[in-house]
Amino acid sequence: MKTNRSLVSVEDLSTEELMDLFKLSTDMDRDLRSGKRLTEMQGKIMATLFYEPSTRTRLSFESAMRRLGGSVISVADPRSSSAAKGESLADSIRVVSSYSDLIIIRHPLEGAAKLASRFSSVPVINAGDGSGQHPTQTLLDLYTIHREFGRIDDLTITVLGDLKYGRTTHSLLLALARFEVRVNLVSPPILKVPSHILDRVKSSLQMVETDSLESVIEDTDVLYVTRIQKERFADMNEYRSVIGSYSVVRETVDLMKQQSIILHPLPRVDEIDENVDNDKRARYFEQAAYGVPVRMALIHKILE
Amino acid sequence: MKTNRSLVSVEDLSTEELMDLFKLSTDMDRDLRSGKRLTEMQGKIMATLFYEPSTRTRLSFESAMRRLGGSVISVADPRSSSAAKGESLADSIRVVSSYSDLIIIRHPLEGAAKLASRFSSVPVINAGDGSGQHPTQTLLDLYTIHREFGRIDDLTITVLGDLKYGRTTHSLLLALARFEVRVNLVSPPILKVPSHILDRVKSSLQMVETDSLESVIEDTDVLYVTRIQKERFADMNEYRSVIGSYSVVRETVDLMKQQSIILHPLPRVDEIDENVDNDKRARYFEQAAYGVPVRMALIHKILE
Amino acid sequence: MKTNRSLVSVEDLSTEELMDLFKLSTDMDRDLRSGKRLTEMQGKIMATLFYEPSTRTRLSFESAMRRLGGSVISVADPRSSSAAKGESLADSIRVVSSYSDLIIIRHPLEGAAKLASRFSSVPVINAGDGSGQHPTQTLLDLYTIHREFGRIDDLTITVLGDLKYGRTTHSLLLALARFEVRVNLVSPPILKVPSHILDRVKSSLQMVETDSLESVIEDTDVLYVTRIQKERFADMNEYRSVIGSYSVVRETVDLMKQQSIILHPLPRVDEIDENVDNDKRARYFEQAAYGVPVRMALIHKILE
């Protein structure tokens with residue numbers, strides 16, 4: 001991975017770079033668990049610019065930078081920023097990049113991270129740009145799969161929930177397209193993957209679209225669950241009629257293979273029942289925890 | 001004190017542990033004043049999760065952790081958090097505890113800190129949970145008394161103001177119950193200590209309830225003042241008629257013993273007149289300042 | 001410069017102290033560019049208290065303190081502070097000064113920083129108090145001029161825009177009064193410099209007031225641009241009729257000397273066209289970047 005390069009999309013990384021990053025993530029995770037104190041980022045400053053709220057992503061980036069011995073300056077609330085005075089994103093980025101060594105940006109508008117990377121004098125990492133990309137979420141999704149199975153190839157991955165609006169599932173599909181996987185896309189008919197995404201992956205991915213989780217659950221290695229958003233339904237009766245079929249409960253898990261795993265990008269509302277949390281296949285909290293070593297590895301690769 | 005243990009209530013600590021903590025607080029205070037640079041928390045991360053605003057408590061915890069050489073990640077504003085997306089507190093805590101070594105939580109609901117301590121993989125310190133506990137405030141109240149008098153036993157402590165709703169006074173009473181003290185409870189009749197608190201302390205504490213500060217001020221060693229909240233009164237005439245009797249002014253202090261002290265958990269509005277601030281008995285700003293060494297000692301004891 | 005002294009106004013500094021500070025700023029800037037790791041503020045804590053939003057000023061102070069190896073505790077949002085509970089500024093400052101070694105304050109009311117400096121037990125730096133002063137902005141304005149020309153004396157400085165309400169231009173004029181400069185004041189007639197400011201500088205500054213930028217642009221060494229705020233005009237037709245004359249566009253710059261420079265305190269809205277950004281005379285982003293070394297030097301001088 002080229003030093004001093006921005007990360008706007010997972011497609012910015014070659015598969016080799018991805019595997020390199022995973023290896024380093026595992027090293028970082030081992031250092032964290034052993035309590036080893038890292039100092040390689042001492043004297044470096046990361047700026048987190050969050051124009052949209054996000055506890056999890058911001059805190060895990062900040063934890064990663066501090067675990068490496070670095071410092072953080074932060075705008076966690078867009079209302080306390082100069083954007084309120086009408087400043088352009090380009091100007092804000094030009095200035096903040098003169099205060100820091102690395103910028104992490106979350107923004108409600110698609111394309112914001114790309115624009116930021118053009119005007120910044122330091123590398124920029126996209127932490128979510130509207131309905132666009134959220135590459136570090138995808139990195140830790142892939143890392144978790146790779147770590148659990150020792151590979152990504154030759155797995156059956158079932159993606160469940162809101163496949164129309166969920167940006168994490170789009171990024172995940174684009175990233176999976178470079179591996180040899182079977183993908184089941186399970187959603188209510190009105191929340192299917194948009195055709196502009198399907199078109200980009202259909203030549204490389206073996207895919208099945210269905211509205212029945214039961215029909216695919218037994219063959220699944222990775223069940224990737226996302227939230228079905230009530231507000232997407234004009235008709236609340238329709239919402240209530242479908243929601244049950246897309247919730248993961250004890251009985252759902254009982255149908256799954258012993259070696260399979262359940263992931264979720266979080267936050268979870270009620271699409272996975274709390275009774276499932278203690279099952280050994282439930283890996284979504286480990287997945288969230290991997291956010292720190294994966295982001296440590298990424299910061300290291302970019303600033304080394 | 002057991003390493004790696006949460007602090008939800010002052011009752012989690014034995015009297016011996018309390019005295020140990022006070023001794024260490026005094027050591028920490030001496031180190032601070034001498035400008036000694038401490039590094040024992042280098043590489044450690046404290047997460048401050050404030051679901052309710054609080055400058056004083058959050059900043060003093062963060063100052064304490066940084067004085068020990070540690071780092072902080074922070075959610076200071078609940079509106080910029082995942083709670084806004086409907087995530088449960090249990091899930092938020094599970095995730096944040098994988099990013100940090102210690103969690104400080106303030107939450108508007110009683111019992112939140114207890115729940116957090118159950119789901120966290122790292123120790124949790126309660127920084128106030130609704131009408132529940134605020135144990136570190138009580139620790140620094142007791143520490144200030146102990147430091148000023150060299151003891152807590154055999155003192156006359158007058159608690160003044162809103163004794164019905166003030167959570168700091170409830171915590172303080174519960175903590176005082178393990179010492180040999182005389183307590184005067186001074187409040188307007190409608191703001192007396194609730195019976196569920198009185199019942200827990202009446203067998204161990206020698207108490208007098210009164211609505212007259214004058215009747216007890218001369219024997220007082222420690223005058224602990226809290227705010228009478230205007231919004232508690234349905235009748236503004238009633239509020240105006242009582243408020244004067246419960247404000248501490250120059251004339252009040254003139255009735256007090258030379259060796260007595262005045263405390264207040266702050267923020268103060270107008271229940272202590274500013275003319276009192278320069279009297280040597282006014283110790284509320286020293287009390288606030290002790291928040292740092294007491295919290296340093298606590299962090300040390302929990303993470304050592 | 002006296003150690004442990006507050007900075008409320010640029011007038012707190014003698015010209016000799018100013019020149020000393022600029023020399024140290026250049027040293028700090030060189031250290032930053034060389035990647036040298038500084039540690040002189042290790043163990044020290046700076047509190048940033050922003051009762052009014054400001055990304056740029058807060059982040060550049062925090063970056064400066066971290067570049068020096070120090071720590072930061074921060075209130076970036078007044079709504080999450082004790083001020084919301086009715087606490088006086090004096091009380092807040094007394095408490096926060098017991099948690100930190102240095103306070104940076106921004107407040108909507110003029111005089112707030114002065115008051116804070118009276119109640120604080122540690123030095124206070126004014127980061128903008130309402131329509132009052134913003135001395136560190138003026139320091140970096142002067143530093144940029146001094147660095148570009150090697151001097152401030154004997155230059156022609158044209159100040160453009162809203163000269164009535166813009167607090168940065170008032171501070172700048174007061175500071176320029178101690179140098180031998182020629183000043184052009186260019187604004188719409190309704191936004192001229194107030195007489196209470198003019199009265200303080202007219203004996204020492206050679207000034208021309210005009211509403212025509214064209215009449216003075218060719219002789220200008222430093223063009224200092226500020227925003228004309230739409231909301232100042234009751235009549236939108238009047239606003240539209242004047243705004244064009246006070247925007248800096250490609251054609252404006254073509255009239256300027258090759259060795260001249262264009263500054264702006266930022267944020268910029270549309271008073272400088274983006275086409276100007278790449279001209280070598282456009283120095284406003286360098287000016288913003290100097291905010292870090294200038295504030296590093298200031299922190300060093302105050303806490304050394």
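Residues numbered from 1 in each chain as written. Chains lettered and ligands numbered in written order. Predicted model: local features only at pLDDT ≥ 70, side-chain atom pairs only at ≥ 80, totals over all residues. Heavy atoms only, no water.

(A) Highlighting the pairing of strand E5 (residues 156-160) of chain B. All names here are of chain B. Summarising burial for E5: five of the five residues are buried, a large majority. Sheet topology note: the E5/strand E6 (residues 182-186) ladder contains five bridges and is parallel. Following the sheet pairing, Thr156 is matched in E6 by Arg182. With respect to chirality, the unit in which E5 leads through helix H6 (residues 167-176) into the neighbouring parallel E6 is right-handed. Examined bridge by bridge, E5 and strand E8 (residues 222-225) share four bridges and lie parallel to one another. Across the sheet, Thr158 pairs through a bridge with Leu223, a residue of E8. (Buried < 20%, exposed > 50% of the residue type's maximum accessible area, 1.4 Å probe, protein only. Helix = DSSP H or I, 4+ residues; strand = E, 2+ residues; numbered from the N terminus. Pairing = 2+ DSSP bridges. Right-handed = clockwise from strand over helix to strand, strands pointing away.)

(B) Highlighting helix H12 (residues 291-303) of chain C. The end-to-end C-alpha distance of H12(C), which contains 13 residues, comes to 18 Å, matching closely the 18 Å that a straight helix rising 1.5 Å per residue would cover. Within H12(C), 13 of the 13 residues are buried, which leaves the element mostly enclosed by the surrounding structure. (Expected span 1.5 Å × (residues − 1).)

(C) Quick look at the relation of the copies chain C and chain A. Superposing chain C onto chain A takes a rotation of 120 degrees plus a shift of 0.0 Å along the axis, which leaves an RMSD of 0.0 Å. The superposition of one copy onto the other is thereby described by a three-fold rotation axis. When the interface residues of chain C are mapped onto chain A, a mere 12% of them again fall at the interface, so the copies present different faces. (Least-squares fit on C-alpha atoms with pLDDT ≥ 70 in both. Contact = heavy atoms within 4.5 Å.)

(D) The arrangement of the domain arrangement of chain A in detail. Residues and elements named next belong to chain A. Taken domain by domain, chain A comprises domain 1 (10-132 + 290-303) and domain 2 (135-288). Here the C-alpha centroids of domain 1 and domain 2 sit 26 Å apart. Each partner contributes residues to the interface: domain 1 has 28 residues there, and domain 2 has 25 residues. Of the roughly 2,300 Å² buried at the junction of domain 1 and domain 2 (both faces included), carbon and sulfur atoms supply 60%. Along the contact surface separating domain 1 from domain 2 lie two salt bridges. Residues Arg200 and Glu11 are paired through a salt bridge, measuring 3.1 Å at the closest nitrogen-oxygen approach. Here domain 1 is connected to domain 2 by 13 residue pairs in polar contact (both at pLDDT 80 or more). Elements represented by at least two residues in the side of domain 1 that touches domain 2 include exactly helix H1 (15-34), helix H2 (55-67), strand E4 (124-129) and helix H12 (291-303). In terms of residue count, the dominant contributor to the side of domain 1 that touches domain 2 is H1 (eight residues). Residue composition of the side of domain 1 that touches domain 2, by class: twelve nonpolar, ten polar and six charged. (Domains from an automatic or database assignment. Buried area = accessible area lost by both parts, 1.4 Å probe. Salt bridge = Lys/Arg side-chain N within 4 Å of Asp/Glu carboxyl O. Polar contact = N/O pair within 3.5 Å; in protein donor to acceptor, adjacent residues only side chain to side chain. Nonpolar A, V, L, I, M, F, W, Y, C, P; charged D, E, K, R; others polar.)

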